[in-house]
Amino acid sequence: LRTSLNFTIPTPFSKNPFEFSTGFRKTFFIFPLVYALTVIAINVDNLNLGIFSMLLISVTTLSYYSKPEEEYYVWVHADTTKSFLKMKIMIATKNYILLTIPILISLLIFYPIKFGLILLFLFIGILFLWTILLAKYSAFPGEINLSIGFIIAFTILFPPLILVIIPYLYSKSINNLKLIFNDKN
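Please read these numbers as outputs of a predicted model, since none were measured by experiment.

## Observations concerning the packing of aromatic side chains
Reasoning step 1: Inspection of the entire model under this criterion finds four aromatic pairs.
Reasoning step 2: Consider the rings of Phe28 and Phe29, whose centres lie 6.2 Å apart with planes at 80 degrees: the pair is edge-to-face.
Reasoning step 3: Phe29 gets classed as partly exposed once you look at its relative accessible area, which sits at 47%.
Reasoning step 4: Seen in terms of ring centroids, Phe84 and Tyr137 are 5.4 Å apart; in terms of plane orientation they differ by 85 degrees. Their pairing is edge-to-face. With Phe84 in helix α5 (residues 81–110) and Tyr137 in helix α6 (residues 115–138), the pair connects residues that are 53 residues apart, well separated along the chain.
Reasoning step 5: Classification of Phe84 as buried rests on a relative accessible area of 0%.
Reasoning step 6: Look at Tyr137 and you get buried, because its relative accessible area is 0%.
Reasoning step 7: Grouping aromatic residues by their ring pairs yields a cluster made of Phe84, Tyr137 and Phe140.

Right, dumping it as structure tokens:
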């Protein structure tokens, strides 16, 4: 069945990079549910449920980086590998915080005593976002391979390992992207 209805869901993100715009459009229905879950958490005085809602946003945003883009869309940046990765990490972090800020502010207002714990879970979400983003570019132009998948799975089971995995994936991404950017540095 074909329809002539052409509707685009607006996003709070710019068109560059595309991961959050396209990902948000595919998963937009999750966000009202997650924000409602935060309201429920506050109403029943359950901080764990509120943190769970923040983790749901983390898992959702991690899925935005599962598929690689075409090589041309990376090459077109005409940048160094380090500045390209830095730009991707900064934009992903900004967009992730933009999505979690309603939950974060709500939890901080209603649970000020748990300030450190709430920010810890925000920071863990950011670190996992960086890990997935770097894993994507360490396997680029292909998809994330099984060995990297096992490393990420093990990191989920033992989160302090993320402090070793991020530099490893960063260096692997730099070496991998040098071929596409023709970067000699």
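## Examining a nonpolar patch on the surface
Reasoning step 1: A surface patch of nonpolar side chains, about 390 Å² in accessible area, is lined by Ile101, Ile105, Ile109 and Phe110.
Reasoning step 2: Take Ile101: it is sitting in helix α5.

## Thoughts on the environment of Tyr35
Reasoning step 1: Counting through the fold element by element, Tyr35 comes out in helix α2 (residues 30–43).
Reasoning step 2: The partly exposed category is assigned to Tyr35, whose relative accessible area is 25%.
Reasoning step 3: Along the chain, Tyr35 and Ser106 lie 71 residues apart, while their C-alpha atoms are 9.9 Å from each other.
Reasoning step 4: Not counting chain neighbours up to four residues away, the residues in contact with Tyr35 comprise Ile57, Leu99, Pro102 and Ile103.

## With respect to the nonpolar core
Proteins that are soluble and globular tend to have nonpolar side chains buried together.
Reasoning step 1: Formed by 43 residues in total, the largest nonpolar core has its most connected members in Tyr65 and Leu177.
Reasoning step 2: Elements with a contribution of two residues or more to this core: α1 (18–27), α2, α3 (47–62), α5, α6, α7 (146–157) and α8 (162–181).
Reasoning step 3: The biggest single contributor to this core is α6, with 11 residues.
Reasoning step 4: Contact partners of Tyr65, with chain neighbours within four places excluded, come to Glu19, Phe20, Ala92, Leu129, Ile132, Leu133, Lys136 and Ile144.

## Topic: α1
Reasoning step 1: When α1 is considered as a whole, its buried residues turn out to be Glu19, Phe20, Ser21, Gly23, Phe24 and Thr27.
Reasoning step 2: Of the surrounding elements, those touching the buried residues of α1 are α2, α3, α5 and α6.

## Considering the side chain of Thr61
Reasoning step 1: Among the secondary structure elements, Thr61 is positioned in helix α3.
Reasoning step 2: Apart from residues lying up to four places away in sequence, Thr61 is in contact with Phe20, Tyr96, Leu99 and Leu129.

## Side note on the packing of α6 against α7
Reasoning step 1: Running from amino to carboxyl end, α6 crosses α7 at an angle of 170 degrees, the nearest separation of the two axes being 11 Å. As far as their axial angle goes, α7 and α6 are roughly antiparallel. Contact residues: α6 offers Phe128, Thr131, Ile132, Ala135 and Ser138, while α7 offers Ile148, Ile152, Thr155 and Ile156.
Reasoning step 2: Partitioning the contact of α6 with α7 into residue classes produces six nonpolar, three polar and no charged.

## Points about the packing of α5 against α6
Reasoning step 1: At a closest axis distance of 10 Å, the pairing of α5 and α6 adopts a crossing angle of 150 degrees. Judged on the interaxial angle alone, α6 and α5 are roughly antiparallel. Between α5 and α6 lies a crossing whose hand is right-handed. Facing Phe84, Leu85, Lys88, Ile89, Ala92, Thr93, Tyr96, Ile97, Thr100, Leu104, Leu107 and Leu108 of α5, the residues of α6 in contact are Phe115, Ile118, Leu119, Phe121, Leu122, Gly125, Ile126, Leu129, Trp130, Leu133, Leu134 and Tyr137.
Reasoning step 2: In the contact of α5 with α6, the residues fall into 20 nonpolar, three polar and one charged.

## Points about the confidence of the model for the chain
Reasoning step 1: Across the chain, the average pLDDT comes to 85, with 84% of residues at or above 70.
Reasoning step 2: By mean pLDDT, helix α4 (residues 71–75) is the weakest element of the chain at 64, and α2 is the strongest at 95.

Conventions and cut-offs
- Residues numbered from 1 in each chain as written.
- Predicted model: local features only at pLDDT ≥ 70, side-chain atom pairs only at ≥ 80, totals over all residues.
- Heavy atoms only, no water.
- Phe/Tyr/Trp six-rings, centres within 6.5 Å; stacked < 30°, edge-to-face > 60°.
- Buried < 20%, exposed > 50% of the residue type's maximum accessible area, 1.4 Å probe, protein only.
- Helix = DSSP H or I, 4+ residues; strand = E, 2+ residues; numbered from the N terminus.
- Patch = residues over 30% accessible without salt bridge, like charges linked within 9 Å, V, L, I, M, F, W, Y side chains within 5 Å.
- Areas by Shrake-Rupley, 256 points an atom, 1.4 Å probe, with all protein chains shown as cover.
- Salt bridge = Lys/Arg side-chain N within 4 Å of Asp/Glu carboxyl O.
- Contact = heavy atoms within 4.5 Å.
- Core = buried A, V, L, I, M, F, W, Y, C linked by side-chain atoms within 4.5 Å.
- Axes fitted to C-alpha atoms, helices over the stretch in contact; angles between N-to-C directions.
- Parallel < 35°, antiparallel > 145°, perpendicular 65-115°, else oblique.
- Nonpolar A, V, L, I, M, F, W, Y, C, P; charged D, E, K, R; others polar.
- Left-handed = near helix turned anticlockwise from the far one by under 90°.
- pLDDT = per-residue confidence, 0-100.

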